[in-house]
Amino acid sequence: MTEAGQSGSVAPEILITAAEAFPAFERRVLAAEHEIVMGFRIFDPLTRLHSDAARKLGNTWIDLLADALCRGVRIEIHIADFDPVAATDLHGNCWRSMRILCGLRELVGPKAGARLTVRAEIHPARIGAIARLFFWPVVAARTRQIVRAARGDAPSHRRRILKYIPGVAWLQNRRAEVPPLSFPASHHQKLAVFDERWLYIGGLDLNDRRWDGHDHRRPAQQTWHDVQALLDDPDLAASARRHLKTFNATAAGDRDPADTPGLLRTLSRDQSRHRPWTMTPRPVIRELRDAHLQAAARAERLIYLETQFFRDRGLARALARRGRACPELRMILILPGAPETVAFQHRPALNGRFGDFLQSRCIATLRRAFGPRLLVASPVQPRTPKTQDIDADRASLDGSPLVYLHAKVSIFDDMAGIVSSANLNGRSLHWDTEAGIALTEPAHVKNLRQAVFRHWLPDGAGAEFMAPETAFESWRRMVRQNHRRKPDERAGFLVPYDRKAAEQTALALPGVPEEMV
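Below is a short write-up of the structure.

Rules and cut-offs
- Residues numbered from 1 in each chain as written.
- Predicted model: local features only at pLDDT ≥ 70, side-chain atom pairs only at ≥ 80, totals over all residues.
- Heavy atoms only, no water.
- Salt bridge = Lys/Arg side-chain N within 4 Å of Asp/Glu carboxyl O.
- Helix = DSSP H or I, 4+ residues; strand = E, 2+ residues; numbered from the N terminus.
- Buried < 20%, exposed > 50% of the residue type's maximum accessible area, 1.4 Å probe, protein only.
- Pairing = 2+ DSSP bridges.
- Axes fitted to C-alpha atoms, helices over the stretch in contact; angles between N-to-C directions.
- Contact = heavy atoms within 4.5 Å.
- Right-handed = clockwise from strand over helix to strand, strands pointing away.
- Phe/Tyr/Trp six-rings, centres within 6.5 Å; stacked < 30°, edge-to-face > 60°.
- Lys NZ or Arg CZ within 6 Å of the ring centre and 35° of its normal.

One pass over the structure, following the stated rule, counts 25 salt bridges. The salt bridge involving arginine 301 is made with aspartate 413; its shortest N-O contact spans 3.9 Å. Placement of arginine 301 in the loop between helix H9 (287-298) and strand E10 (302-307) and of aspartate 413 in the loop between strand E15 (408-412) and strand E16 (416-420) is noted, with a sequence separation of 112 residues between them. Residue arginine 301 is joined to glutamate 469 by a salt bridge in which the shortest nitrogen-to-oxygen separation is 2.2 Å. Placement of arginine 301 in the loop between H9 and E10 and of glutamate 469 in the loop between helix H14 (442-456) and helix H15 (471-484) is noted, with a sequence separation of 168 residues between them. Residue classification places arginine 301 among the partly exposed residues on the basis of a relative accessible area of 27%. Residues participating in the shared-partner salt-bridge network are Arg301, Asp413, Asp414, Arg449 and Glu469.

With that settled, the discussion passes to the sheet that holds E15. Strands pair in a sheet through their backbones, by hydrogen bonds, and they do so in one of two ways: parallel or antiparallel. Ordered by their spatial adjacency, nine strands build an open sheet running E9-E8-E17-E16-E15-E10-E11-E12-E18, and the pairing between neighbours is mixed. Two strands close off the open sheet at either side, each with one partner strand: strand E9 (282-286) and strand E18 (494-496). Looking at each pair of strands side by side, their axes are set apart by 20° on average, direction ignored. Note that E10 and strand E11 (residues 330-334) share five bridges and pair parallel. Each residue of the ladder has a partner; that of glutamate 306, found in E11, is isoleucine 334. Packed on one face of the sheet, H9 meets strand E8 (263-269), E9, E10, E15, E16 and strand E17 (434-439) and runs near 130° to E8. Against the sheet, H15 engages E10, E11, strand E12 (374-379) and E18, with an angle of about 80° to E18.

A word on the pairing of strand E3 (residues 74-81). The element E3 is largely enclosed, with a buried count of seven among its eight residues. Inspection of the sheet shows strand E2 (residues 35-40) paired to E3 by six bridges, in the parallel sense. Bridge assignment links isoleucine 36 to a residue of E3, and that residue is isoleucine 75. Relative to strand E4 (residues 116-122), E3 runs parallel, the two being bridged by seven bridges. Looking across to E4, one finds that isoleucine 75 is bridged to leucine 116. Between E3 and its parallel partner E4, the chain crosses via helix H4 (residues 88-113), and the hand of that crossover is right-handed.

Geometry of an aromatic ring pair is reported as the spacing of the ring centres plus the angle between the planes. The tally for this structure, following the rule as stated, stands at 14 aromatic pairs. Look at phenylalanine 40 and phenylalanine 43: their rings are 5.8 Å apart centre to centre, the planes differ by 45°, and that puts the pair in the tilted class. For phenylalanine 40, a relative accessible area of 2% corresponds to the buried category. Look at phenylalanine 43 and you get buried, because its relative accessible area is 1%. Chaining the aromatic ring pairs together yields one cluster made of Phe25, Phe40, Phe43, Trp61, Phe194 and Tyr200. Over the ring of tryptophan 198 we find arginine 28, and its NZ or CZ is 4.0 Å from the ring centre. Over the ring of phenylalanine 309 we find arginine 311; its NZ or CZ atom is 3.8 Å from the centre of that ring.

Purely geometric numbers; function is a separate question.
This is how it looks when you write it as structure tokens:
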């Protein structure tokens, strides 16, 4: 595992929640002199600005980007596109951002506009032709649903649907054609490189939905916890820039993966041309998965995992093997109380229910191996639900509104800390394009652990909550006490994860690849 930040002199800046990350991101754009290269799953140029310096320019990222372009900075933005039928809203948001950014080029004029390059990139991996025929009735039904929903919309909106969603034109004209292409994977990374020196990387996309503060005092469905890292490291920045320049061509099979020392990736490739029956891409690079497996195999005192999804059964088995082999090893697993498509919907989505099935199996695997040495907890707000909180069944836990956790952080003793865009599920560890860093210098790992831990703990939490040797018992005692206390009397944010609620929602989908969720 390669250490990010080879100089070893400056620890990465760990940014907890958008309240820290967005202003830091804005400041790096303001400081850029020559070039910014970015890749995001979601990049909304109408996101509000938050730093004082940036707000002097205007209100949104359009103003920030316009200033950089007019100062002579070259900007290259890679925005993930999505399957238009299976992920219609995400696909529409991508092209909304593209239209706004094309308008920005006109706004700043030809000279400055020529410095902006924007690419909407759908992951090139496709479901094979035979598999598409098998799923065509489902795709057709979903497309008809989209058409029906758009009938009452303005003509301009209907024209956009016909332009951007394959299959709709066929249904409108009632003539049979080859079923539209289906894209099972996506580009899920969130990173930016400034002047080939600075790297901003982690789990946080850019839009107003991701904004939240340290106190998470928002309606449950508007909370969002995430972690980014900011590093002054030219070597690592060069690796990240090389990755951003080549990832889509690699996924298309047009070139070999780039050499990116210090950067951890997941990359997969289209195999539908040679395997018409396939439903999956072919994994090419699984550095993030390998880094987790290697660190887990060496951990001796404490493994800390903070992830939106814990659904990869191979990783769960590897962690369980280490737990059985090392009786002194303990594990803290922090998960959201429910997936977003379950927690904040009155009718839980199918993908969320299948995800709950896989996650329940993974947690059961860990419980059999670790027994009382495993703590699984979820963050909630220290208050009772109010009228502004959605009243869906799993939007609250232990009588408190959820804090939705989206972060992707793994810490193994003082040996390794991983910050990335990758969830601990099959999709992130095998299919989707992901990027992250591994910290292996003990001082940097300690800095990461203290920043991440401190966010969940009550003010004044002692050193026993921080040290790998003593943290588990202190955290377990705190979480158990919070379970017994009233919401406004709790210490910190954490309560026990409700395994039984997840099992009640869980739904097995035989034949569906586990990597789908």
